[in-house]
Amino acid sequence: MALLPILHYPDPRLHTVAKPVQVVDDRIRQLVADMAETMYAAPGVGLAATQVDVHERVVVIDISEDGDDLLVLINPEITWRSDELQVYEEGCLSVPGVYDKVERSAQITVRALNEKGESFEFDAEGLLAVCVQHELDHLLGKVFVEYLSVLKRERIRTRIRKQQREALKA
């Protein structure tokens, strides 16, 4: 397993739309393992392949307290969304140190493949629903800050670029 470099907003590669995984094979299972290790080390509760510059529809999520309940979603799709909305404060490994409120569907139904290539479906609400929607946005080339006002996005972009410049000087 290996830690993968995480792309940071506003890197244009974060806006790449991921392609479906054609075959769930050892390469994909290795990607899943590396993504999980990267997510846990960051630390985070979700990671999409787009964030590690792999543009295939693969997501890992673990919202458990102990980090021992890995959910692997390959070619995930939301098949149903509730009309009821909820607001959660979200953060993102690709936008370090930034947290803001985003409105999303309160409940969803998701269909995906697991790391064995088997199809499964589940319902999600609360934090899991938020995480799934957030990570699936990444697969569509969308970062959560795009839900925020233009002014907030510009402030975030400026702050991250400043942090990157300072990191290069160090």
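Cut-offs used in this document
- Residues numbered from 1 in each chain as written.
- Predicted model: local features only at pLDDT ≥ 70, side-chain atom pairs only at ≥ 80, totals over all residues.
- Heavy atoms only, no water.
- Patch = residues over 30% accessible without salt bridge, like charges linked within 9 Å, V, L, I, M, F, W, Y side chains within 5 Å.
- Areas by Shrake-Rupley, 256 points an atom, 1.4 Å probe, with all protein chains shown as cover.
- Salt bridge = Lys/Arg side-chain N within 4 Å of Asp/Glu carboxyl O.
- Lys, Arg positive; Asp, Glu negative; His and termini not counted.
- Charge placed at Lys NZ, Arg CZ, Asp CG, Glu CD.
- Helix = DSSP H or I, 4+ residues; strand = E, 2+ residues; numbered from the N terminus.
- Phe/Tyr/Trp six-rings, centres within 6.5 Å; stacked < 30°, edge-to-face > 60°.
- Lys NZ or Arg CZ within 6 Å of the ring centre and 35° of its normal.
- Buried < 20%, exposed > 50% of the residue type's maximum accessible area, 1.4 Å probe, protein only.
- Core = buried A, V, L, I, M, F, W, Y, C linked by side-chain atoms within 4.5 Å.
- Contact = heavy atoms within 4.5 Å.

### Topic: a positive patch on the surface
Next, step 1: On the surface, Arg161, Lys162, Arg165 and Lys169 cluster together into a positively charged patch.
Next, step 2: Note that Arg161 resides in helix α3 (residues 150-169).

### Looking at a negative patch on the surface
Next, step 1: Judged by side-chain charge, Glu65, Asp66, Asp68 and Asp69 come together as a negatively charged surface patch.
Next, step 2: Position of Asp68 relative to the elements: it lies in the loop between β2 (58-61) and β3 (71-81).

### Remarks on the packing of aromatic side chains
Next, step 1: This structure, assessed with the given rule, holds 1 aromatic pair.
Next, step 2: Across from the ring centre of Tyr147, 4.0 Å away, lies the NZ or CZ of Lys142, which sits over that ring.

### Re unusual backbone geometry
Next, step 1: Cis peptide bonds are those with omega within 30 degrees of zero, and the linkage from Tyr9 to Pro10 qualifies with 10 degrees.
Next, step 2: Its place among the elements puts Pro10 in the segment before α1 (26-41).
Next, step 3: Of note in the backbone geometry, Asp53 takes a positive phi value of approximately 65 degrees without being a glycine.
Next, step 4: Counting through the fold element by element, Asp53 comes out in the loop between β1 (46-48) and β2.
Next, step 5: A relative accessible area of 33% means that Asp53 is categorised as partly exposed.
Next, step 6: Backbone geometry places Asn75, a non-glycine residue, at a positive phi of 55 degrees.
Next, step 7: Here Asn75 shows up in strand β3.

### With respect to the nonpolar core
Next, step 1: In this structure, Val59, Ile61, Leu73, Phe122, Leu128 and Val132 are the most contacted members of the largest nonpolar core, which totals 17 residues.
Next, step 2: Secondary structure elements with two or more residues in this core: β2, β3, β6 (107-113), β7 (119-125) and α2 (126-139).
Next, step 3: If you tally residues by element for this core, the top one is α2, at 6 residues.
Next, step 4: Residues contacting Ile61, with those up to four places away along its chain left out, are Met39, Val45, Gly46, Asp69, Leu70, Leu71, Leu73, Leu128, Cys131, Val132 and Glu135.
Next, step 5: With 16 residues, the next largest nonpolar core counts Val32, Leu47, Ala49 and Val52 among its residues.

### Topic: the pattern of salt bridges
Oppositely charged side chains are able to pair whenever their charged atoms sit close together.
Next, step 1: Tallied over the entire structure, the rule returns 10 salt bridges.
Next, step 2: Of the charged contacts in the structure, one is a salt bridge between Arg27 and Glu56, with a shortest N-O distance of 2.8 Å. With Arg27 in helix α1 and Glu56 in the loop between β1 and β2, the pair connects residues that are 29 residues apart, well separated along the chain.
Next, step 3: We classify Glu56 as buried; its relative accessible area is 15%.
Next, step 4: With a closest N to O distance of 3.0 Å, Lys152 and Asp100 form a salt bridge. Residue Lys152 is located in helix α3, and its partner Asp100 is located in strand β5 (residues 95-105); the two are separated by 52 residues in the primary sequence.
Next, step 5: Under the relative-accessibility criterion, Asp100 is labelled buried at 16%.

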